[in-house]
Amino acid sequence: MLKFIRELTLSRKRSLEERRFILAGCVTIVSIFAALLSGLTTNQGLIFCLGMGAAIIFMGLLIIFTLRTKRFVLGSSLIIIVANLLILPVGYFFGGGLHSGAPLWFVMGIVFVFVLFKGALFHIYLLLCLVVFFLTYYLGEMHPEWVTPLQEGNDMHLDSYIAMACVSILCGTLFKFQSMLLLHEIQRAEKQTKEIEKLNSVQNNFFSSMSHEIRTPISTIIGLNEMTMREKQLPAEVLENTLNIQNASKMLLSLINDFLDMSKIQSGKMEIVPAKYETSRMLSEITNFHWNKASEKDLGFEIEVGENIPPMLFGDETRIKQIIINLLSNAIKYTKEGSVTLRFGGEKISPDSFLMRVEVQDTGIGIRKESLPYLFDAFRRVEANETKNIEGTGLGLSIAKQLTEAMGGNISVNSIFTKGSTFRVEIPQKIAQGEITTFRKPGLLDRQQPDYQQSFEAPTATVLIVDDNEMNRIVCRKLLRATKVQVDLAESGKVCLENTHEKHYDAIFMDHEMPEMDGIETLHSIRQQPGGLCRETPVIALTANAGGNWDQFYLEQGFSAYLSKPIQSSKLESLLLECLPEDLVEVNYTDADKTDGPTIYEKVSKRAYIVTTDTITDLPEHLLRENEILTMPYYIKTRQGRFQDTTEIDANNLYQYLLNTSDNSAHSTPASVEEYEHFFGEALSESRFVLHISSSRSMSKSFEYATQAAESFGNVHVVDSGQITAAQGMVAIRAAELLRSGVRLEEVLPELDRYQKQISLQFLVPALPESNTKHRLPYLLRVAIKAFNLEPVFITRKGKLTIRRFLLGYIRSTQDQFVRSVLSNPRRINTKRLFVIFNCCPMEVRDHVLNEIEKYVHFDEVIVNLGSASSFINCGPNSFGLIFETIE
Ligand code: ADP
């Protein structure tokens, strides 16, 4: 029976209400049956027993009727009326009254009201039952003669016991079934939630892969259409068609991008990628485009730029642009006449952060107050009547809100229906540079969207396009047609490698996702291809992956640059121009056009990497230039102030100054963290990644400062060279060589670590300068060196400067001893290149030393350089060093 009730009540085929009714009905029948049993055993008379029997039959019929008609409220009401208002009072009078089990059955009756009803009916029945039960008690007390008493003793106790046992078991059962029902429902809800989540993630994956797939054919449409548009003297109708195709495909593309963003946000994969950016440039790029759009609709377009905006900020420029572009597009879209105003400003909220505030105001259709709460919901378009003829998906504002919140900001709106709206966005950004006065206000430049402008011609240059999709190859080739470069096509990584084995290419465009061998594998194979002719050729990733930090991903994989599909011909050309050797470019139109015209496209043609180091590397100018290494100045601090090493003070000036002033406070010092930030910022405007080779961290604070500064960027990596002067320079040259030949950063770093240990640096220091050595050598040692006229030989070992030996004798003889000892084992010396750094040594000393060197080892190249002021102040006059690579 219990099992049957269990199945009935838990079956999902029946509604919750139905199941609750069945449960209550069955419990009622069982209760009456129990009361009947109790009546029979306690001799409560025939009327009582017949009444109970009739009640059981009635209840059975009632349950069947209710289940058939599904009128559960009526069925429940009848149960309560019959059981509580009829059977229980009658049972009270015929079954022993207060001194029987009847009061307990009243409790059961009240519990039923709780189980079966809710809302107003519950209150009504509860009250009714309480009143009827009260009257029953009252009448029983007033007219004891109406109550049929049970026999004292056994009957009374038995009846009360049976009632207690039945009521408690039935109430417990009710409670248990209710809990089971609840548990089942919770489990079902959890299962459903999981299924929905699974479905959601499948849907998101579907969206992102579909978006990716759709970008490829759109890329073909846009590319081929652009080729048609480039044709001169097109018939008016064809021109109109091409313009329509262009607009439609751009819309389709932005739609796909929105879907992609939405699915990324929903699956938690949307990443905020901060980097340093120029505020005014970002603003110009946005405003130029929208100014054109507004003027096409004859709308005014105002820009109000606030005061004190930091020129460089640190944040996710792409996402901020996306938010502002969305608000501006909406403002223009939903405004028929009047104007759109963009206000850009904000305030400094701490020394290094700025609260950017952007307001977009329009005089458009406005938004009803009741629609405002739903404005930022995905897929929700408000004011259906007013917006039904305006294209849109209802995704833009939702994406804008989620992006703003992901960056710790907020977005709000103020709108007067029919008068216009103002959207306001506040986003905290880090200040990337100290001064805040040099912000250039964005200019509104050329009104016209530029037609295609060819940027260069290079008829002798060879380019390989690798893509498994034939249409993509064709589009890319056509887009390059005007540049006259010679284009070869490869449909797979394998064919690409066959080509690169046979022929040298000046640039390769490589698709990422290809069957069998993908673009990344192919790139790595090109770099290591035995007998390959393109091991050093720049390879540009060409891919339908867009958004996020793909550019960094591809650079880290070793690509020289990254270009997303659909290909913008201007970007394609500018990237290629950047990659081609200058002598192959016959006509360069871009130089001439550089000064005017709007900045509509972002400059993508940055170099992949720049290697930077400190000026104290003592590298000659030509080596820095050849290896494209930028240097961060070191400084000399004297009582007169701080001077930039080499440019403001050189070793000779400093020597003279020290002789004249005996300023023993003079010392060398690295640039500050802010100066390093500024330096890296400059380097990043030329390249996408900076690898900074710093002086050994145990000898200079420069590593610490550069590392702190690098934290503000994310694409600056600082390496401890473990060396100083030219040895540090050698590490920087090695880094530049490796990166130039396409070795990936992850492989460059361990190689540099190995290489720095291979460098031998030894300096002969005849006169230890007070200013510097005082914090490096123990006092007693310094006294001994002075007293015995010892000349220490310093070497770098494990990143530290240590004294290797002391030389004793006249200056000439110690110089000879030094050269002999350093070069005594020629078999361990790589004779390719020797650096000789002299610190304020007379000419004859230099000649003598160079002659001595020749006696022991012949180097292919001997680079003689004068030490910087920093080098001089640390080693003193007449000191010199020999630096070369050893053979392991
Ligand atoms: P879409 O513009 O693609 O429909 P959005 O998410 O950008 O989607 O905007 C959602 C809705 O908010 C729009 O459909 C429009 O009803 C309303 N809306 C957005 N911006 C404005 C505005 N500047 N003026 C009036 N209504 C706007």
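Residue positions are given per chain, counted from 1 along the sequence in the order it is written. Only residues with pLDDT of at least 70 are given local features in this predicted model, and only at 80 or more are side-chain atom pairs given and counted; all residues enter the totals for whole chains, interfaces and linings. The side-chain numbers reported here are obtained from all heavy atoms of the structure, hydrogens and water having been left aside.

Quick word on the packing of aromatic side chains
Here's step 1: Side-chain rings of Phe, Tyr and Trp, where Trp is taken by its six-membered ring, are said to pair if the distance between their centres is within 6.5 Å; with planes under 30 degrees apart they count as stacked, over 60 as edge-to-face, and otherwise as tilted. With the rule as written, the count across this model stands at 20 aromatic pairs.
Here's step 2: Relative to Phe880, the ring of Phe838 lies with its centre 5.7 Å away and its plane at 35°, an arrangement referred to as tilted. With a gap of 42 residues between them, Phe838 in strand β25 (residues 829–839) and Phe880 in strand β27 (residues 879–886) connect regions that are remote in the sequence. Phe880 carries the same exposure label as Phe838, and that label is buried.
Here's step 3: Seen from their ring centres, Phe859 and Phe884 are 6.1 Å apart, and the 45° between their planes marks the pair as tilted. One end of the pair, Phe859, is in the loop between α28 (843–856) and β26 (861–866); the other, Phe884, is in strand β27, with 25 residues separating them in the sequence.
Here's step 4: Accessibility here uses a 1.4 Å probe with only protein chains present; expressed as a share of the type maximum, an area under 20% marks a residue as buried, one over 50% as exposed, and anything in between as partly exposed. Among the residues examined, Phe859 registers a relative accessible area of 2% and is labelled buried.
Here's step 5: You can call Phe884 buried: its relative accessible area is 2%.
Here's step 6: Counting every residue linked through ring pairs, the aromatic cluster contains Tyr92, Phe93, Phe106, Phe133 and Tyr137.
Here's step 7: Looking at Arg642, its charged tip hangs above the ring of Tyr635, at a distance of 3.6 Å from the centre.
Here's step 8: When the NZ atom of lysine or the CZ atom of arginine is within 6 Å of a ring's centre and also within 35 degrees of its normal, the charge is said to sit over that ring. The ring of Tyr755 has Arg734 sitting right over it, with the charged end atom 5.5 Å from the ring centre. Each helix is a run of DSSP H or I of at least 4 residues and each strand a run of E of at least 2, with the numbering of both proceeding from the N terminus.

Focus: the packing of helix α23 (residues 725–740) against helix α24 (residues 745–757)
Here's step 1: Axes here refer to lines fitted to C-alpha atoms; in helices the fit is confined to the stretch in contact. Angles between the N-to-C directions go from 0 to 180 degrees. Two elements in contact, α23 and α24, have axes separated by 10 Å at closest approach and are oriented at 150°. Taken together, the axis directions place α23 and α24 in an arrangement best described as roughly antiparallel. Where α23 crosses over α24, the handedness of that crossing is right-handed. Each of Met730, Val731, Arg734, Ala735, Leu738 and Leu739 in α23 lies in contact with α24, whose residues at this interface are Val748, Glu751, Leu752, Tyr755 and Gln756.
Here's step 2: Three classes are used: nonpolar for Ala, Val, Leu, Ile, Met, Phe, Trp, Tyr, Cys and Pro, charged for Asp, Glu, Lys and Arg, and polar for all others, with Gly counted as polar. The class makeup of the residues in the contact of α23 with α24 is eight nonpolar, one polar and two charged. Any angle that is under 35 degrees is reported as roughly parallel, and any over 145 degrees as roughly antiparallel; angles of 65 to 115 degrees are reported as roughly perpendicular and all others as oblique. Here a crossing is called left-handed whenever its near helix is offset anticlockwise from the far helix by less than a right angle, and right-handed whenever the offset is clockwise. We call two residues in contact when some of their heavy atoms are within 4.5 Å.

Observations concerning unusual backbone geometry
Here's step 1: The backbone of Asp298 shows a phi angle near 60°, a positive value even though the residue is not glycine.
Here's step 2: Here Asp298 lies in the loop between α9 (279–296) and β2 (300–305).
Here's step 3: With a relative accessible area of 70%, Asp298 lands in the exposed category.
Here's step 4: The phi angle at Lys798 is positive, at roughly 50°, despite the residue not being glycine.
Here's step 5: Relative to the helices and strands, Lys798 resides in the loop between β23 (791–797) and β24 (800–807).

Some details on the pattern of salt bridges
Here's step 1: Salt bridges are defined by distance alone: a side-chain nitrogen of Lys or Arg within 4 Å of a carboxyl oxygen of Asp or Glu. Using the criterion set out here, one finds 23 salt bridges in the structure.
Here's step 2: With its nearest N and O atoms 2.9 Å apart, the salt bridge here joins Arg424 to Glu359. Here the residue Arg424 occupies a position in strand β7 (residues 420–431), and Glu359 occupies one in strand β5 (residues 353–362), the gap between them amounting to 65 residues.
Here's step 3: Taking relative accessible area as the criterion, Arg424 reaches 33% and is therefore assigned partly exposed.
Here's step 4: The buried category is assigned to Glu359, whose relative accessible area is 16%.
Here's step 5: The salt bridge involving Lys503 is made with Asp488; its shortest N-O contact spans 2.8 Å. Within this pair, whereas Lys503 is found in the loop between α14 (493–502) and β11 (507–511), its partner Asp488 is found in strand β10 (residues 486–490), the two being separated by 15 residues in sequence.
Here's step 6: With relative accessibility at 29%, the residue Lys503 sits in the partly exposed group.

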